[in-house]
Number of protein chains: 2
Amino acid sequence: MRKIDLSHFQVATSGTARDINRRILLNLVRRHQPISRAGLARQSGLQRSTVSAIAEQLIAEHWVVEGATGHLPRGRKPTFLHLNSDRAGIIGVDIGPVSTVIAVASLDMEFAAQESMATGSDAADFIARLGRRIKDLMRAHPKGSYEGIGVCVPGRVEVSSQRLTFAPNLGWKELDLKTPLERATGLPVELENAANACALAELWSGRHPEDVGNLVAVTVSDEIGVGMILNGQLVRGSTGVAGEFGHVALINDGPQCRCGNRGCWEVLASNSAAVRCYSQNISVRKGEVGSKSAMATVAFGDLLRLVEQGSPKACETLDQMAHYLGLGIAMLITGLAPDVLVVVGEVSRAWKRVGPIVLDVVNRRSRTRAGTRILPSDPESPARLRGTIALVLQKHLGAPFVA
Amino acid sequence: MRKIDLSHFQVATSGTARDINRRILLNLVRRHQPISRAGLARQSGLQRSTVSAIAEQLIAEHWVVEGATGHLPRGRKPTFLHLNSDRAGIIGVDIGPVSTVIAVASLDMEFAAQESMATGSDAADFIARLGRRIKDLMRAHPKGSYEGIGVCVPGRVEVSSQRLTFAPNLGWKELDLKTPLERATGLPVELENAANACALAELWSGRHPEDVGNLVAVTVSDEIGVGMILNGQLVRGSTGVAGEFGHVALINDGPQCRCGNRGCWEVLASNSAAVRCYSQNISVRKGEVGSKSAMATVAFGDLLRLVEQGSPKACETLDQMAHYLGLGIAMLITGLAPDVLVVVGEVSRAWKRVGPIVLDVVNRRSRTRAGTRILPSDPESPARLRGTIALVLQKHLGAPFVA
DNA sequence: ACGGTATTGTTTCGGCCGAGAACAAAATCC
DNA sequence: GGATTTTGTTCTCGGCCGAAACAATACCGT
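Residues numbered from 1 in each chain as written. Chains lettered and ligands numbered in written order. Predicted model: local features only at pLDDT ≥ 70, side-chain atom pairs only at ≥ 80, totals over all residues.

1. Some remarks on the overall build of chain A
Move 1: Along the backbone of chain A there are 13 helices and 14 strands.
Move 2: With the C-alpha coordinates aligned to their principal axes, the bounding extent of chain A is approximately 80 × 50 × 45 Å.
Move 3: Sequence-distant contacts, at least 24 apart, represent 62% of the contacts inside chain A between residues at least 6 apart. (Helix = DSSP H or I, 4+ residues; strand = E, 2+ residues; numbered from the N terminus. Contact = placed C-beta atoms within 7 Å.)

So this is what it looks like as structure tokens:
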């Protein structure tokens with residue numbers, strides 16, 4: 001039960017009931033399609049007359065379409081309803097430190113096109129180029145209409161103004177991406193942090209059969225980000241800085257983190273932490289401590305390849321990374337007890353090796369396992385990008401804001 | 001924006017709009033009383049006619065009463081509306097390991113009576129005694145009617161069945177308190193974990209001028225519990241086991257915790273941790289390591305008294321406890337970025353000493369302070385008990401569940 | 001003193017919406 | 001071919017909000 005926020009509430013008007021039931025039916029169609037009007041009435045508890053009226057609206061707006069007629073042992077044939085996934089397209093933009101991916105998806109979250117461009121350090125220039133690329137992409141993939149643009153960034157987004165407030169990896173700070181992009185494209189823009197986007201992707205794309213209301217996404221790259229969905233909705237904190245569990249110190253007197261602390265989860269279990277650890281490992285071997293050349297040559301992808309080839313040093317490094325990953329994950333599970341925890345990032349490619357170690361640590365660490373399923377994100381499917389689509393999708397499929 | 005849970009949703013009926021607006025108006029009366037109907041219309045954005053209709057209902061049900069008429073420079077005198085705090089009473093029950101407190105409160109969360117009884121280890125006997133005491137208390141304080149009973153326990157409550165599933169301190173396990181108590185008293189019973197109750201207490205009792213939507217309560221006793229309110233609502237996790245941050249390991253190779261881990265926050269910063277530390281401290285002094293007699297004599301309250309008297313050993317112990325408290329609080333602030341974090345428990349009595357240490361640790365630890373205010377709970381006002389009242393109150397004042 | 005004006009609270013009407021019942025349509029079974 | 005069953009539509013009723021008109025008070029300036 002939520003407390004009503006008296007500085008930001010929404011009264012009910014005569015159209016509120018319709019809005020609520022409309023969204024419920026749209027979700028039921030999405031989940032159970034193909035489904036008849038009578039089926040919807042059974043599933044929802046609404047009267048068939050009400051369902052028919054709402055269905056008529058949804059069909060008129062092309063959200064759903066009538067499909068084949070079904071077949072029953074008795075009685076009149078039902079006409080099935082489907083979600084009209086081609087009603088409109090959604091643009092997803094995943095801004096990374098070096099390159100930015102732009103994609104077109106349909107309402108069923110399937111991608112129709114995908115291309116990438118350099119990010120660059122000049123923010124104004126980037127926004128201009130991005131706007132042009134998006135317009136070109138829309139022209140190349142005519143979809144009838146476009147619902148909006150979802151954007152994710154590796155940084156923090158201020159929750160009310162939707163401004164980017166903190167993105168050390170991009171070299172920008174205090175930037176308004178939303179307004180110029182909306183002006184350039186004429187579409188509504190939704191901005192979100194990358195880890196949060198991953199959490200949304202898992203929430204909305206049907207990998208989990210039953211509905212999960214509590215889900216945590218851990219993104220592992222050169223940073224560690226955490227996106228939390230609790231009570232079925234994203235937790236942003238009042239200022240948008242929630243989820244910085246990557247900067248919780250897990251051990252005393254650990255390595256120095258760039259946040260100023262020592263022993264942060266991020267400085268122990270991120271990709272760059274693994275690379276640093278590996279470099280030191282082999283440098284020590286070769287007696288060239290601090291050698292810049294050795295440290296610069298290995299990327300995290302290389303390390304994973306070395307593990308596949310059976311390099312003992314690389315395996316040792318990865319196992320240690322997995323151990324530290326487990327420590328942080330154990331913290332999240334004991335504290336938040338989600339139904340599902342997904343690990344996103346290149347490590348998920350080596351989950352056959354990493355997974356058991358993480359699970360072992362978590363089992364030893366968290367008293368009440370809380371039944372959390374720990375899953376690697378599908379490495380083939382772009383989690384962040386799917387999240388940007390979900391970001392736009394939830395405006396239509398999410399629960400309406402009332403009271 | 002919340003995702004609609006298709007296995008547990010609520011369609012809108014013709015009465016839904018009224019329910020929503022009614023709750024909003026009731027909250028506005030609570031916040032801004034005394035307030036006229038026209039004032040409510042301005043605050044809510046509803047039409048005066050709608051406000052009048054709803055006000056008529058609320059007055060008929062004695063939720064609000066008409067009070068004095070106001071005075072304006074021009075125009076008709078407004079008739080002020082007040083919350084009728086004596087409409088009904090609420091019973092609050094705070095079950096502790098040794099004693100249980102029962103109280104009667106009015107709708108404005110003011111206590112009219114308060115008494116305590118022994119808890120005991122026989123659960124069935126306890127429930128029977130509790131039921132009798134509540135009925136006696138209601139007879140002694142006739143309130144017209146009673147809205148319900150709020151109960152908090154130092155343990156975990158399964159979220160759907162409202163059964164007590166885990167309460168090591170009480171010696172009970174897997175117990176249904178709700179059903180027998182409802183049968184005995186004829187009132188609806190709401191059961192909740194103690195830390196969650198404290199969080200609710202802070203959320204609903206007007207210590208915070210603006211509405212806070214993100215709030216964390218840390219209860220420090222012989223255990224450490226965390227109650228989280230994010231996006232304006234309690235986070236229980238799907239099984240009701242969220243908030244066990246007390247069992248996150250903050251240092252490597254710390255003392256053994258009874259949960260099986262080492263170095264848990266709870267084993268470092270709880271009252272019993274401080275007592276253990278102090279006992280070891282003075283035992284070492286006196287050369288009687290492990291002496292049971294020395295360890296048994298000191299309670300945490302005694303330790304606080306010794307601090308007040310300026311005992312160096314006691315001060316040292318408390319400072320260390322404060323340091324570890326700060327470590328855990330820093331974790332919560334970096335991860336959850338709440339607006340407010342309240343510390344509940346006997347330590348809050350020594351906040352003048354503890355507070356600065358906690359603040360210092362948090363400032364050094366959390367990169368983005370997120371503007372979280374860290375407050376001690378008022379030691380005089382029973383936080384857990386206030387929470388049990390809030391538990392019942394929110395059924396009427398909380399946002400309705402739709403979609 | 002008296003009309004003008006501002007404000008509050010009520011009344012009335014129109015429109016939206018869901019509930020429910022009746023009805024038409026369509027298919028199967030006996 | 002009629003009984004039965006299921007689907008989908010139509011129609012009426014009651015609940016509710018929005019808007020506007022109206023009644024009830026006050027104060028102010030002349």
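Here the narrative resumes, following the displayed structure.
2. Notes on the packing of helix 1 (residues 16-32) of chain A against helix 1 (residues 16-32) of chain B
The relative placement of two packed helices comes down to the angle between their axes together with the axis-to-axis distance.
Move 1: The N-to-C vectors of helix 1 of chain A and helix 1 of chain B enclose an angle of 115°; their axes lie 8 Å apart at closest approach. It follows from the interaxial angle that helix 1 of chain A and helix 1 of chain B lie roughly perpendicular. In the packing of helix 1 of chain A onto helix 1 of chain B, the handedness of the crossing is right-handed. Residues T16, A17 and I20 of chain A of helix 1 of chain A lie in contact with helix 1 of chain B, whose contacting residues are T16, A17 and I20 of chain B.
Move 2: Grouping the constituent residues of the contact of helix 1 of chain A with helix 1 of chain B by class yields 4 nonpolar, 2 polar and no charged. (Axes fitted to C-alpha atoms, helices over the stretch in contact; angles between N-to-C directions. Parallel < 35°, antiparallel > 145°, perpendicular 65-115°, else oblique. Left-handed = near helix turned anticlockwise from the far one by under 90°. Nonpolar A, V, L, I, M, F, W, Y, C, P; charged D, E, K, R; others polar.)

3. Brief notes about the environment of G335 of chain B
Move 1: Among the secondary structure elements, G335 of chain B is positioned in helix 11 (residues 312-336).
Move 2: We classify G335 of chain B as buried; it has 26 C-beta atoms within 10 Å.
Move 3: When the C-alpha atoms of G335 of chain B and S366 of chain B are compared, they prove to be 9.2 Å apart, with 31 residues separating the residues in sequence.
Move 4: Apart from the residues lying within four places of it in its own chain, the contact partners of G335 of chain B are G243, E244, F245 and V248 of chain A. (Buried ≥ 20, exposed ≤ 12 C-beta atoms within 10 Å, placed from the backbone.)

4. What to know about the interface of chain A and chain B
Move 1: Every contact between the two is made by 68 residues of chain A and, on the other side, 67 residues of chain B.
Move 2: Counting only elements with at least two residues in the side of chain A that touches chain B, the list comes to helix 1, helix 6 (194-204) and helix 11 (312-336) of chain A.
Move 3: Element by element, the count of residues in the side of chain A that touches chain B is highest for helix 1 of chain A, at 9 residues.
Move 4: Looking at the side of chain A that touches chain B, its residues break down into 31 nonpolar, 26 polar and 11 charged.

5. Points about the protein's contact with DNA strand C
Move 1: What surrounds DNA strand C is a group of 30 residues, the closest being S49 of chain A together with S49, S52, G75 and R76 of chain B.
Move 2: Where the surface near DNA strand C is concerned, the elements lending two or more residues are helix 1 and helix 3 (48-60) of chain A together with helix 2 (37-44) and helix 3 (48-60) of chain B.
Move 3: Split by residue class, the surface near DNA strand C holds 8 nonpolar, 14 polar and 8 charged. (Near = placed C-beta within 6 Å.)

6. So, the nonpolar core
Move 1: A199 of chain A together with A199 of chain B are the most contacted members of the largest nonpolar core, which has 246 residues in total.
Move 2: With residues near it in sequence (within four places) discarded, A199 of chain A still touches L215, V216, A217, G227, M228, I229 and L234 of chain A. (Core = buried A, V, L, I, M, F, W, Y, C linked by C-beta atoms within 7 Å.)

7. Topic: the sheet that holds strand 3 (residues 89-95) of chain B
Residues and elements named next belong to chain B.
Move 1: Pairing within the open sheet is mixed, and its 5 strands lie in the order 5-4-3-6-9. The open sheet has two edge strands, strand 5 (111-118) and strand 9 (189-193), and neither has a second partner. Strand-to-strand twist in this sheet, taken as the mean axis angle between neighbours without regard to direction, amounts to 15°.
Move 2: Across 5 bridges, strand 6 (residues 146-153) lies against strand 9 in parallel orientation. (Pairing = 2+ DSSP bridges.)

8. Points about the relation of the copies chain A and chain B
Two copies of a chain can be linked by a rotation about an axis combined with a shift along that same axis.
Move 1: With an axial shift of 0.0 Å and an RMSD of 0.1 Å, the rotation relating chain A to chain B amounts to 180°. One copy is carried onto the other by what is essentially a two-fold rotation axis.
Move 2: When the interface residues of chain A are mapped onto chain B, 99% of them again lie at the interface, so the same face is used by both copies. (Least-squares fit on C-alpha atoms with pLDDT ≥ 70 in both.)

9. Some thoughts on the sheet that holds strand 5 (residues 111-118) of chain A
All names here are of chain A.
Move 1: Read across the sheet, 5 strands follow the order 5-4-3-6-9 without closing on themselves; strand pairing throughout is mixed. Sheet topology places strand 5 and strand 9 (189-193) at the edges, where each strand pairs with a single neighbour. Each adjacent strand pair in this sheet contributes to an overall mean axis angle of 15°, direction not counted.
Move 2: Judged from the 6 bridges that link them, strand 3 (residues 89-95) and strand 6 (residues 146-153) form a sheet pairing that is parallel.

10. Points about the packing of helix 4 (residues 123-140) of chain A against helix 5 (residues 178-185) of chain A
All names here are of chain A.
Move 1: The geometry of helix 4 relative to helix 5 is characterised by a closest axis approach of 9 Å and an angle of 35° between their N-to-C directions. Handedness of the helix 4/helix 5 crossing: right-handed. Residues I127, L130, G131, I134 and K135 of helix 4 form the contact with helix 5, whose participating residues are P180, L181, A184 and T185.
Move 2: When grouped by side-chain class, the residues that make up the contact of helix 4 with helix 5 number 6 nonpolar, 2 polar and 1 charged.

11. Observations concerning helix 13 (residues 383-397) of chain A
Residues and elements named next belong to chain A.
Move 1: A rise of 1.5 Å per residue sets the reference length of helix 13, with its 15 residues, at 21 Å; its end C-alpha atoms lie 19 Å apart and thus fit the reference within 8%.
Move 2: A maximum bend of about 30° is found in helix 13 at L391.
Move 3: Burial analysis of helix 13 places 12 of its 15 residues in the buried class, which makes it a mostly covered element.
Move 4: When helix 13 is considered as a whole, its buried residues turn out to be A383, R384, L385, R386, G387, T388, I389, A390, L391, V392, L393 and Q394.
Move 5: Each element contacted by the buried residues of helix 13 is listed here: strand 3, strand 4 (99-106), strand 6, strand 9, helix 6 and strand 13 (340-345). (Expected span 1.5 Å × (residues − 1). Bend = angle between axes of the 7 residues up to and from the residue.)

12. Overview of the protein's contact with DNA strand D
Move 1: Of all residues adjacent to DNA strand D, which total 30 residues, the nearest are S49, S52, G75 and R76 of chain A together with S49 of chain B.
Move 2: Among the secondary structure elements, those contributing two or more residues to the surface near DNA strand D are helix 2 (37-44) and helix 3 of chain A together with helix 1 and helix 3 of chain B.
Move 3: Of the residues belonging to the surface near DNA strand D, the class tally is 8 nonpolar, 14 polar and 8 charged.

13. Some words on the environment of L137 of chain A
Move 1: Mapped onto the secondary structure, L137 of chain A falls in helix 4.
Move 2: By C-beta crowding, L137 of chain A is classed as partly exposed, having 19 other C-beta atoms within 10 Å.

14. Brief notes about helix 6 (residues 194-204) of chain B
Move 1: In terms of residue burial, helix 6 of chain B counts as a mostly covered element, since 11 of its 11 residues are buried.
Move 2: Among the residues of helix 6 of chain B, A194, A195, N196, A197, C198, A199, L200, A201, E202, L203 and W204 of chain B are the ones counted as buried.

15. Things to note about the domain arrangement of chain A
Residue and element names in this part refer to chain A.
Move 1: Per the domain assignment, the segments of chain A are domain 1 (16-83), domain 2 (89-202 + 385-397) and domain 3 (209-377).
Move 2: Computed over C-alpha atoms, the centres of domain 2 and domain 3 are 26 Å apart.
Move 3: Across the boundary between the two partners, domain 2 contributes 12 residues, which contact 19 residues of domain 3.
Move 4: Every element with two or more residues in the side of domain 2 that touches domain 3 is listed here: strand 7 (156-157) and helix 6.
Move 5: The biggest single contributor to the side of domain 2 that touches domain 3 is helix 6, with 7 residues. (Domains from an automatic or database assignment.)

16. A closer look at the environment of A38 of chain A
Residue and element names in this part refer to chain A.
Move 1: Topologically, A38 is positioned in helix 2.
Move 2: Here the alpha-carbon distance between A38 and I54, two residues 16 residues apart in the chain, equals 13 Å.
Move 3: For A38, the residues in contact, after removing those within four places along its chain, are R48 and P78.

17. Some details on unusual backbone geometry
Residues and elements named next belong to chain A.
Move 1: The residue after Q33, namely P34, is reached through a cis peptide bond having omega 0°.
Move 2: Along the chain, P34 falls in the loop between helix 1 and helix 2.
Move 3: Backbone geometry places A403, a non-glycine residue, at a positive phi of 60°.

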